[in-house]
Structures are given as C-alpha cells and as structure tokens.
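A closer look at the structure
Here are the chains, one letter per residue:
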Amino acid sequence: MKNNFIRNCKLVLDLSRSRTCLQTQSAGLAITASLRVGPVKYSKKGRKIVDIPAAMALSAESEVILAPLRLAVKEQGDLVRQLKADGKPEIEVKKAVAELKTRKKVMEEKEVSLRPSLAKFDRTKMEDTLKRRFFYDQSFAIYGGVTGQYDFGPMGCAMKQNLLQAWRKHFVLEEQMLEVDCTVLTPEPILEASGHVARFADLMVKDMKNGECFRLDHLIKAALEKVCAEKKTSLETKAECEDIVVRLDGMTKEEMAAVMKKFDMKAPLTNNPLSEPIEFNLMFQTHIGPSGAIRGFLRPETAQGIFVNFKRLLEFNQGKLPFAAAQIGNAFRNEISPRAGLIRVREFTMAEIEHFCDPEDKSHPKFSGVTSTALTLYSANNQMGGEAAKLVNIGDAVSSGMVANETLGYFMVRIQQFLLKMGVDNGRLRFRQHMANEMAHYACDCWDAELLTSYGWVECVGCADRSAYDLTQHSQATGVKLCAEKRLPAPVTRDIMEIVPNKGAIGKAFKKEAKSVTDMLAKLSLEQIEKVEADLAGGEASLEMDGKPVLLSKDMVSVKKYQKTFHVEEIIPSVIEPSFGIGRVMYAIFEHNFKVREGDEQRTYFSLPPVIAPVKCSLLPLSNNTDFTPLVHKIGQALTLHDISHRVDDSSGSIGKRYARTDEVSIPFGITVDFDSLKEPHSVTLRERDTTTQIRIDVDKVAEVIYQLSTGRTTWAVVTTQFPKFEAQETKS
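Residues numbered from 1 in each chain as written. Predicted model: local features only at pLDDT ≥ 70, side-chain atom pairs only at ≥ 80, totals over all residues. Heavy atoms only, no water.

**Notes on the overall build of the protein**
For the protein, the count of helices and strands is 25 helices and 33 strands. Overall, the protein is about 105 × 70 × 65 Å in size when its C-alpha atoms are taken along their principal axes. Expressed as a percentage of its 733 residues, the buried residues of the protein come to 46%. Pairs at least 24 residues apart make up 68% of the contacts formed inside the protein by residues separated by at least 6 positions. Total accessible area computed for the protein in this model is approximately 37500 Å², and 52% of it derives from carbon and sulfur atoms. (Helix = DSSP H or I, 4+ residues; strand = E, 2+ residues; numbered from the N terminus. Buried < 20%, exposed > 50% of the residue type's maximum accessible area, 1.4 Å probe, protein only. Contact = heavy atoms within 4.5 Å. Areas by Shrake-Rupley, 256 points an atom, 1.4 Å probe, with all protein chains shown as cover.)

This is the structure we're talking about:
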C-alpha cells in the first residue's frame with residue numbers, strides 16, 4: 001500500500017508541476033498561488049524563505065518537494081470527512097483513514113528529512129557514552145540482560161531525581177497541587193471499572209520452535225504487505241490483502257487465525273510454524289495475599305490511585321473545586337516486543353496530574369497570564385489537510401476552539417515551559433492533537449507533546465481532557481458518590497423519587513443475598529425506579545443482579561415521592577490530565593544535549609542544564625601537592641553546606657583531560673585549586689562546561705555563586721561580568 005502511494009505521489013508531483021506552472025528562475029523556484037500557504041519573503045540577497053510559522057522553516061525548494069505530498073494528504077482528508085458526513089459504511093471510512101495515515105506518514109518522514117541540519121548526530125556514540133559512564137544500562141546484563149528493562153547508574157539516578165525534583169517544584173509547588181503516593185499493587189475490580197482489564201489486551205502468536213512471541217496484528221500486516229509487494233500477486237489478492245489490513249483493528253481472534261491459515265504465515269526470521277492466536281494482557285498479573293484469592297495487577301498507570309482517593313482529596317481541599325492532585329511513581333506494561341531503549345520499556349516512571357474542575361466551567365485563573373505564549377501546534381485539521389505544524393499563541397488557539405478550553409491550554413503552556421527549562425530543544429518540540437480515530441471515546445480533546453529524536457517524533461507527554469469518565473466508572477462500580485457540590489445561584493425545589501426497601505421482607509425472601517439486593521436497590525437510577533413502580537402496579541417487578549433475575553413484590557419495596565429544596569447541586573468533576581513519561585523525556589534530553597567539541601570529535605559531552613545535571617560541580621586540585629588538601633577540604637565543606645553535589649578529582653593526568661572527563665558526565669562547573677590559590681586572599685578558578693570560559697573568584701564566594709547558578713537564580717553570562725576572566729588553564733590543557 002505504501003509503495004503504491006509513493007508511486008502515486010511521483011505522478012501527483014508531475015501533474016502538479018504542469019498544472020501549477022512552477023517555473024525555475026535564477027533566484028530559485030517560484031511557487032504559484034495555488035500551492036502557496038503564505039506570502040513568499042525575499043531577503044536582501046534574493047533568497048526566498050517560505051513563511052511557515054514553525055520553529056525551523058523549510059526552504060522554498062523543500063516546500064516544492066513537499067507540495068504534492070501535502071496535496072495528496074489534503075485530498076484524502078477531505079475524502080474521509082465526506083464519507084463520514086454522508087454516513088457511508090464503516091469499512092469504507094476505515095479504508096480511507098488507513099490510506100490517510102499512510103500518506104501522512106510518508107509526508108511527515110519526508111518533512112523531517114528535509115529539515116536543515118545543524119550537525120550530524122551519532123546515536124551509537126551517544127549510547128556508548130551513556131553506558132560507559134553508567135547513566136543507564138540493561139538490567140541483569142551479566143546474565144544476558146532482559147529486553148525492556150534498564151538500571152540507572154549513579155549519574156542517571158542523580159539526573160532522574162533532579163528532573164523529578166524540578167517537576168515537583170514546577171507543578172506541585174508552583175500550582176499548589178496535592179501530592180499522593182499510592183500503591184503499585186492494584187486489585188482487579190479497580191482496573192475492571194477503569195476499563196483496563198478489557199482494553200489492555202493484545203493477540204499474539206509464538207514461534208513453535210524457539211518460543212519467540214509476535215504481536216499478531218503487526219505480524220499479519222507485515223506479511224500481507226510482503227504479499228502485495230510481490231510481482232506475481234494478482235490484483236484481486238492485493239485488494240483482499242489491503243481490505244484485511246484495514247479491518248485488522250476490529251477482527252476477532254478466530255478471524256485473524258483464518259487469515260494466518262489462508263496465507264500460510266510463518267515466523268518472520270526463522271520461517272518456523274506459528275501457534276494459534278493467544279490473548280495476552282499487557283498488565284502484569286499477580287495474586288495478593290497467601291491464599292491467592294485476591295487477583296490483582298501491577299498498575300499500568302498511576303492515575304487510578306488518584307481517582308479512587310478523590311473523595312478524601314476533595315475533603316482535604318475543603319470541598320472546593322478546582323484543585324489538582326499529582327503523583328510520581330512506577331507503572332508496568334508487559335510489552336510483547338519492547339524496543340528503542342528507554343522509549344518503550346516494561347517498567348517506567350510516570351509523573352501524572354489530575355486537575356479536577358467544573359465540567360461547565362473549564363476556565364483557569366492563571367490563563368490570562370500565558371495567552372501570548374506561542375506553541376508549535378499540529379492540530380487534527382493540519383494533519384487532515386496535509387499542512388505543517390504552526391506556531392500559534394495559546395490565547396488564539398483556545399478562542400478559536402482549536403484547543404478545547406483554558407485549563408487544557410494553560411497546562412500545555414506549563415508543559416512547554418518545563419520541557420524547555422529541562423533542556424529540550426524548542427525546534428524539536430511540537431504539540432500534536434489526537435485525530436478522531438485516535439481519541440478515547442470519553443475524551444473531549446487530547447494533545448501530545450512530541451519530541452523529535454533519531455527515532456522520529458516520540459510522544460513524551462500527554463495532555464487530555466478526560467471528561468468525568470473515571471470518577472463516573474468508579475462511582476458506578478462501588479456505589480460511592482465521587483462528586484462535588486456546586487452552590488446554585490438560587491434555591492431550587494425538585495420532585496424526588498426513591499425506593500424504600502422493607503428489609504424484613506427482603507431478608508425473608510432472599511436470605512444471604514438480602515444485603516446485595518438492598519445495595520442494588522440503592523443504586524437504581526430514576527428511570528429504573530419509575531419502571532419498578534410501573535411493574536409493581538401490575539404485580540411484581542423484575543430486576544437483574546449478577547446475571548440472575550430478582551423478583552420484587554409490593555411488600556418488599558415501596559416508592560416514595562416528595563419535594564426537596566436544594567441550595568447546592570452535585571456534579572461529577574471533569575479531569576484535565578497531563579501525563580509525563582519520565583524515561584522518554586530523559587532520552588530526548590540526552591539526544592538534544594549531546595555535543596562534540598569543535599575540532600576534537602573524540603571529546604563528547606552532554607550540555608544538560610545545571611538544574612538537572614547529575615553532579616553540579618567538580619573540584620580539581622592542579623596536582624597531588626599536599627598543600628592543596630586543606631583548601632580542597634574547606635571548599636568541599638562549603639559546597640556541601642550549600643547542598644551542591646560535587647566530586648573531587650585528584651587523579652593523575654593533565655587538567656585538560658580531567659575537564660574532558662567531567663564534561664562527559666555533564667558536570668556544568670569546575671573549580672580548580674592552583675598555586676595562586678595558596679596565596680592570600682585565597683582564590684580559585686571557576687570553569688563553565690559549555691563555553692569552557694573561566695573566571696577567578698574568591699574561595700569564600702565560590703560556593704554561593706555555584707548555588708545561584710545551579711538553581712537557575714543567575715546565569716553564567718551575568719557571573720562573567722562580576723568576576724575577572726581567567727584564560728591560562730584551558731589553553732595549557
């Protein structure tokens with residue numbers, strides 16, 4: 001399917017060239033009005049720059065290459081909209097959506113490849129550095145390792161903790177959130193209510209000889225694409241294959257097994273026979289307690305712990321909305337084929353926020369302060385129309401309806417502010433809106449903060465309006481009201497209808513099941529009560545409990561009607577949820593900050609911001625001279641008193657080599673104790689990692705200055721204006 005589309009794109013390119021009369025001129029390629037997205041600007045030198053409102057603009061030549069791909073995506077997007085508007089059969093819509101996804105993927109991959117390159121990035125060299133300096137490595141490596149599991153070493157652990165502490169400060173402290181720490185072990189009923197038990201399952205097959213597992217839908221898709229690519233395959237078979245690929249999402253286990261049998265599918269690498277399809281739940285199952293009676297799972301997300309504690313959190317917040325609760329912790333998903341390092345793993349750290357608000361009022365008190373903040377937004381309309389992501393002020397995005405509400409928009413801004421502060425490259429950050437076929441059925445709107453890495457665009461933070469789905473589900477499952485009270489503008493009198501059980505008669509009739517019947521009656525909706533009343537008028541009322549009929553007579557229940565005046569109304573709050581995948585954010589930060597020293601390709605380093613650098617400062621005596629020891633000890637104590645993590649490197653080797661070692665593990669500042677330091681008044685040199693510039697500073701001031709730098713209270717540019725520059729050390733190295 002993809003190969004056919006690429007061939008079609010070449011045809012579209014030829015047609016669009018002839019149709020739009022693109023002419024080559026001495027200054028470059030002129031794009032006619034029919035393909036123009038905005039005005040073409042000319043620099044003084046005559047070079048043309050297409051006015052694309054994104055962080056990194058593409059050249060006019062690149063836009064010419066992309067034009068037919070954008071047009072193809074737009075045409076397919078329009079077709080999908082038309083099919084839905086006309087109420088066409090679901091299979092037709094699915095086929096059109098599948099083709100749209102294929103076209104969009106080709107366009108986005110081409111767009112990424114055409115972006116200007118500042119430097120070459122070597123992922124192998126970066127990952128080698130991370131493993132060699134033990135930022136992280138595969139778990140149980142001496143036993144051969146386990147795919148999808150990683151251990152963080154001293155540097156990775158320190159960086160992760162600094163990142164989480166910065167997250168707490170940025171969100172929990174500054175937004176006055178309520179932080180909780182809930183259990184990892186989760187009983188099955190909680191995850192049944194949330195939908196995870198039913199939803200978190202995939203079909204897989206096994207290689208019958210070596211036991212390797214494959215996700216079945218991925219295997220079928222790859223096998224059918226291979227069939228379509230073969231020249232001898234008939235047009236009818238190709239059409240059938242494409243039809244199966246479109247319908248894969250909705251296929252049952254039996255239907256997939258039939259497809260495997262029809263096309264005689266084998267294991268991809270070994271060509272061994274495959275097992276029958278097996279249902280595989282992505283949650284790690286366990287049993288709680290020695291009897292094994294309580295079935296449970298390791299949580300697949302941290303959010304459910306917050307939802308089930310909503311009532312207590314609301315009480316703690318004095319019953320007031322809106323408020324937000326936050327949680328940092330590990331979650332677990334038993335991925336069939338984890339890959340791409342930290343990006344897809346089986347155990348991962350999440351930092352999640354659940355902001356509870358009135359479903360009819362999703363304004364945010366701080367939104368007015370961020371309305372002019374620009375974000376790179378890749379809306380669903382942009383994606384359907386084959387357009388590039390656009391730089392949009394969040395105020396305009398909310399007022400136009402592109403972003404659903406102020407609270408969602410506010411958190412998108414806060415997410416961007418946090419990521420940029422942590423070292424993410426703004427030119428490699430965008431917010432992509434979920435398209436209709438991706439959106440959860442209960443969600444009102446959802447945007448992913450995606451970061452561009454060597455693996456492509458990676459979803460690192462989700463920001464969704466989950467409506468009132470989770471609280472509603474847990475309320476229905478437990479009978480406990482998870483709601484808040486909202487004061488009415490004026491008292492309201494309403495008609496009330498409720499079931500009044502006769503516990504004696506119910507106990508006599510149902511015996512051990514009497515309590516269950518009473519509890520069921522308490523949960524009946526108004527419509528169900530009205531039905532019971534109507535049925536009782538004719539004799540007996542019939543209800544269903546655990547799949548069994550329950551017959552009620554007039555002596556067991558009665559229906560009471562009365563009027564009541566209300567000053568408040570009960571509402572189930574909506575939830576806005578920013579959800580961070582900490583491992584993915586860390587990996588993107590590593591990529592965005594991996595650098596090579598100019599003129600020396602062997603000297604690599606990470607330019608991590610000081611706030612998340614694993615160690616803030618290195619302390620380097622110029623030599624092993626014992627006269628340096630008291631001063632080194634004094635400076636070390638001062639750094640400790642200022643809560644500055646530091647390492648003393650008194651090993652042999654030139655000062656330049658020691659600088660290189662500390663740069664490699666991203667230590668932002670280096671103090672060198674030299675022979676001038678022994679003179680009164682005592683002073684040292686302070687070096688900054690990224691610029692390699694140095695200053696001379698008094699020993700009594702150096703700890704305070706590094707503290708100010710490490711916490712973001714000042715910058716190196718400011719510090720260099722306050723102290724004399726020092727040049728000797730780096731040039732001698």
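**Some remarks on unusual backbone geometry**
Here leucine 321 and proline 322 are connected by a cis peptide whose omega angle stands at -5°. Mapped onto the fold, proline 322 is located in the loop between helix H12 (310-316) and strand E14 (323-332). The omega torsion of the bond from glutamate 680 to proline 681 falls at -15°, within 30 degrees of zero and hence cis. Locating proline 681 in the fold gives a position in the loop between strand E30 (669-673) and strand E31 (683-688). The phi dihedral of phenylalanine 140 is positive, around 55°, even though this residue is not glycine.

**Things to note about the packing of aromatic side chains**
Within this structure, the stated rule accounts for 23 aromatic pairs. With a centroid separation of 5.8 Å and 90° between ring planes, the pair formed by phenylalanine 418 and phenylalanine 580 is classed as edge-to-face. Placement of phenylalanine 418 in helix H15 (residues 406-421) and of phenylalanine 580 in strand E25 (residues 574-581) is noted, with a sequence separation of 162 residues between them. Judged by its relative accessible area of 1%, phenylalanine 418 falls in the buried class. Under the relative-accessibility criterion, phenylalanine 580 is labelled buried at 1%. (Phe/Tyr/Trp six-rings, centres within 6.5 Å; stacked < 30°, edge-to-face > 60°.)

**As for helix H10 (residues 253-262)**
Of the residues making up H10, those classed as buried are Met256, Ala257, Val259 and Met260. Buried residues of H10, seen end-on, are gathered within an arc of 160° and therefore sit on one face of the element. The outward face of H10, more than 90 degrees from its buried face, is lined by the exposed residues Glu254, Lys261 and Lys262. In this fold, the buried residues of H10 make contact with strand E9 (201-206), helix H8 (216-229) and helix H9 (235-247). Following H10 by one or two positions, aspartate 264 has its phi on the positive side, about 50°. (Arc of directions from axis to C-beta.)

**Here we look at the pairing of strand E12 (residues 285-288)**
Remember that side chains alternate between the two faces of the sheet whenever the strand is regular. For E12 and strand E13 (residues 294-298), the ladder comprises four bridges, and the chain directions are antiparallel. Bridge pairing in E13 links isoleucine 288 to isoleucine 294. Hairpin geometry of E12 and E13 is characterised by an intervening segment of five residues between the two adjacent antiparallel strands and by a positive phi of about 95° at glycine 289. (Pairing = 2+ DSSP bridges.)

**Description of the pairing of E30**
Taken across its five residues, E30 has five buried, putting it largely inside the fold. Here E30 shows a buried face lined by Phe669, Ile671 and Val673 and a second buried face lined by Gly670 and Thr672. Relative to E30, strand E28 (residues 617-621) runs parallel, the two sharing five bridges. The residue bridging leucine 620 from the neighbouring strand is threonine 672, located in E30. Here E30 pairs with E31 via four bridges, running antiparallel.

**A closer look at the nonpolar core**
Residues Trp167 and Leu419 are the most contacted members of the largest nonpolar core, which totals 65 residues. Contact partners of tryptophan 167, with chain neighbours within four places excluded, come to Val172, Ala326, Ile328, Ala351, Glu352, Ile353, Phe418 and Phe580. Membership of the second largest hydrophobic core comes to 24 residues, among which are Ile635, Leu639, Ile695 and Ile706. (Core = buried A, V, L, I, M, F, W, Y, C linked by side-chain atoms within 4.5 Å.)

**Quick word on the packing of helix H2 (residues 60-85) against helix H3 (residues 90-114)**
At a closest axis distance of 9 Å, the pairing of H2 and H3 adopts a crossing angle of 160°. When the axis of H2 is compared with that of H3, the two are roughly antiparallel. Crossing geometry of H2 relative to H3 is assigned as left-handed. Looking at the contact of H2 with H3, its residues break down into 14 nonpolar, three polar and eight charged. (Axes fitted to C-alpha atoms, helices over the stretch in contact; angles between N-to-C directions. Parallel < 35°, antiparallel > 145°, perpendicular 65-115°, else oblique. Left-handed = near helix turned anticlockwise from the far one by under 90°. Nonpolar A, V, L, I, M, F, W, Y, C, P; charged D, E, K, R; others polar.)

**Section: the packing of H8 against H9**
In contact at an axis separation of 9 Å, H8 and H9 are set at 160° when each is read in the N-to-C sense. In this view, H8 runs roughly antiparallel relative to H9, as classed from their interaxial angle. Both H8 and H9 take part in a crossing whose hand is left-handed. On H9, the residues that touch Ile220, Lys221, Leu224, Val227 and Cys228 of H8 are Thr237, Lys238, Cys241, Ile244 and Val245. Looking at the contact of H8 with H9, its residues break down into seven nonpolar, one polar and two charged.

**So, the environment of glutamate 485**
Its place among the elements puts glutamate 485 in strand E21 (residues 484-501). For the pair formed by glutamate 485 and valine 424, sequence separation is 61 residues and the distance between their alpha carbons is 41 Å.

**A closer look at the sheet that holds E25**
In spatial order, the strands read E7-E14-E15-E25-E20-E19-E18-E16-E17; together these nine strands make up an open sheet with mixed pairing. On the outer flanks of this sheet lie strand E7 (178-179) and strand E17 (390-393), each paired with one strand and no other. Pairing geometry for E14 and strand E15 (residues 347-357), over ten bridges, is antiparallel. Bridge pairing in E15 links asparagine 330 to threonine 349. Together, strand E16 (374-378), strand E18 (429-433), strand E19 (445-453) and strand E20 (456-465) form the strand contacts of H3, whose direction differs from that of E16 by roughly 140°.

**Side note on a nonpolar patch on the surface**
There is a patch of nonpolar side chains on the surface, built from Phe140, Ile142 and Tyr143 and spanning about 470 Å² of accessible area. Mapped onto the fold, isoleucine 142 is located in the loop between strand E5 (136-138) and strand E6 (150-152). (Patch = residues over 30% accessible without salt bridge, like charges linked within 9 Å, V, L, I, M, F, W, Y side chains within 5 Å. Salt bridge = Lys/Arg side-chain N within 4 Å of Asp/Glu carboxyl O.)

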